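The residues making up each chain are set out below.
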2 protein chains.
Amino acid sequence: MQLFDRAAISAAVTLDQDALSAVEAGFAALGRGEAVQPPILSMAIEEANGEVDVKTAHIRGFSRFAIKVSPGFFDNPKRGLPSLNGLMMVFSAQTGLVEAVLFDEGYLTMVRTALAGAIAAKHLSRTDSRRVAVLGAGEQAKRQVEALRLVRDIEAVDLWARRPEAANDCAEQLRAMGLAVTVHESVRAACAEADIIVTTTPSQQPILSAADLPEGVHVTAMGSDSPEKRELDASVLTRADAFVCDSRAQSERNGELKAFAGSADGPSAGSGADGELPFKVFELGQVIAEGQRLRLTPATITVCDLTGTGVQDTAIADFALSRLT
Amino acid sequence: MQLFDRAAISAAVTLDQDALSAVEAGFAALGRGEAVQPPILSMAIEEANGEVDVKTAHIRGFSRFAIKVSPGFFDNPKRGLPSLNGLMMVFSAQTGLVEAVLFDEGYLTMVRTALAGAIAAKHLSRTDSRRVAVLGAGEQAKRQVEALRLVRDIEAVDLWARRPEAANDCAEQLRAMGLAVTVHESVRAACAEADIIVTTTPSQQPILSAADLPEGVHVTAMGSDSPEKRELDASVLTRADAFVCDSRAQSERNGELKAFAGSADGPSAGSGADGELPFKVFELGQVIAEGQRLRLTPATITVCDLTGTGVQDTAIADFALSRLT
């Protein structure tokens, strides 16, 4: 049994094509029905403003599976500690014995989340996409752009964030990556010229609506990962020519499909039952596995909602161990 | 962050009164509504005849919580490896940071499971209980008896197991503990004189029925912990004067209440909805917390179904760390 710390893991695993291929293969296995992915175990620790999520999946044919524990304790910054943390345990899929513990402090989650955004853009956005609008200015704002460069020739970033100082900090970091960055005062202005829009906020209210979408844009919404959060107005989903998510079950519970399951402002409010949505729901894994072409013209609008899946965790942990051992 | 192996953990934690008190306090907190205990995360890995369960709970006021991973890979014995395994991670309930990883290989699960049986007997069996019938001859057969001695003056054990050679081995080990042990060829014969009956098998068919129950007996059924398993005929539950379980939700899914939820042989087959059971369901934590007296006369028959709860895991992990650090 081996233990690895964040320093070792981040030296071995970076946002590169090999890591992207590993996560993409995980999604494809899920799409082919070759993965077992149980519902997320989630526990709130209210008195500490904390929560912990456990995700796992097994991909048939893989020799290992990961179980990831992600604590989020939102009073931690007051103590000088990061809110998000976590580790992954890697088990043999033949014997159930522990092979390794990856004390990555959330590093691999950062990587596989950024890569999922790139994978969505690879299969859904226009191949000539150059300009990205990023809503949000946290760690993923930067990482999503970094990962997108693996699949598209990104030249310019239009940035909006609730806190202008955070937007300015993030803009500096993106400029250091050689990108032309503009900070905007409104979502509408940030998105006006976008080929790709990435929403990466912890918002509990929709921040993007259909009126903000330029023709031919691809939207990746990766902020909402719990029942309380939400980034997209229902109009974004109904306006889209194709709506894709990483897991329909998770999108309905934690992601943007919540807008259509009992909320007051969804067009089919109160329904949410299968087949009652005013649009078809695709899953990213099936799009990859079946080579579905959802972008039919340069004007097609695509939306991908990412909530984060156990299959990504098993895929990136397996990849990390192959690099580390 | 500290790591402990099985040797260190088993040296620090044994089946004693302090450990029993720690687990009992966990149940009591659950009974008072002071614990958060999410549903078990369970994943099957069919091609390896394996499964993995993840359990957790937070007890309000506790400074730590545990997340336990229990893999069961049932082809392992062919490879010379144990079927059951596992580890517990212990996190700060204030910050979510990992405090320790207990690589106990299932040792603490053995301890907290045996102690739960003793706690059930402490609150439900006759105080003058001397004679235990044990059905099954695995690790827990011995450990349940060992733990019962913490709460009752056990003198004699009547043993039955499907495989006679396993029963004889187990009998030898129990005799080495100074007990009078008789191996029986039938469940009926083993239970005829019992003050306490413990069922500790992986059976998928009922092995104990109402006709096997002597007057005044207490039954602890701890074998069934998955949708496939079952030890008690429905008649045992309807015959009992009081039916208790560690968690009603888990008993309905993984334990003996399955007999009353859609199975063909339950008296209220097909129903299973709340309040439709032909008896009242008590939870062990409430019995402890509220000091409920369910044994009204020496002839009262009590049954307790134990499926294994996250609150036991957090309680024993917290106790183990208090001994280890």
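Quick caveat: nothing in here was measured; it's all calculated off a predicted structure.

**Looking at the relation of the copies chain A and chain B**
Structural alignment of chain A on chain B gives an RMSD of 0.0 Å, achieved by rotating through 180° and translating 0.0 Å along the axis. With respect to symmetry, the two chain copies, as superposed, fit the operation of a two-fold axis. Within chain A, the C-alpha atom positioned nearest to the axis of rotation is that of Leu41 of chain A, 2.9 Å from it.

**Describing the pairing of strand E12 (residues 218–221) of chain B**
Residues and elements named next belong to chain B. Going residue by residue along E12, you find His218 and Thr220 tucked away on one face and Val219 and Ala221 tucked away on the opposite face as well. By the bridge criterion, 4 bridges tie E12 to strand E15 (residues 302–305) in an arrangement that is parallel. Counted as the bridge partner of Ala221 is Asp305 from E15.

**Observations regarding the interface of chain A and chain B**
How big an interface is tends to be stated in terms of the accessible area lost upon association of its parts. Each partner contributes residues to the interface: chain A has 34 residues there, and chain B has 34 residues. Only strand E3 (41–45), strand E4 (50–59), strand E5 (64–73), strand E6 (87–92) and strand E7 (98–103) of chain A provide two or more residues apiece to the side of chain A that touches chain B. Each residue belonging to the side of chain A that touches chain B can be placed in one class, and the counts come to 21 nonpolar, 10 polar and 3 charged.

**Comments concerning the sheet that holds strand E14 (residues 281–283) of chain A**
Residues and elements named next belong to chain A. What the 8 strands build is an open sheet, ordered E10-E9-E8-E11-E12-E15-E13-E14; its pairing is parallel. Bordering the open sheet on either side are strand E10 (180–183) and E14, each of which pairs with just one other strand. Adjacent strand axes in the sheet meet at a mean angle of 20°, parallel and antiparallel pairs treated alike. Judged from the 4 bridges that link them, strand E9 (residues 156–160) and E10 form a sheet pairing that is parallel. Residue Leu159 lies in a different strand from E10, and its bridge partner there is Val183. Contacts from helix H3 (residues 107–124) reach strand E11 (196–199), strand E12 (218–221), strand E13 (242–245) and strand E15 (302–305), with the element oriented near 160° to E12. Sheet strands touched by helix H5 (residues 164–175): E9 and E10. Its angle to E10, the strand with the most contacts, is close to 170°.

Rules of the game
- Residues numbered from 1 in each chain as written.
- Chains lettered and ligands numbered in written order.
- Predicted model: local features only at pLDDT ≥ 70, side-chain atom pairs only at ≥ 80, totals over all residues.
- Least-squares fit on C-alpha atoms with pLDDT ≥ 70 in both.
- Buried ≥ 20, exposed ≤ 12 C-beta atoms within 10 Å, placed from the backbone.
- Helix = DSSP H or I, 4+ residues; strand = E, 2+ residues; numbered from the N terminus.
- Pairing = 2+ DSSP bridges.
- Contact = placed C-beta atoms within 7 Å.
- Nonpolar A, V, L, I, M, F, W, Y, C, P; charged D, E, K, R; others polar.
- Axes fitted to C-alpha atoms, helices over the stretch in contact; angles between N-to-C directions.

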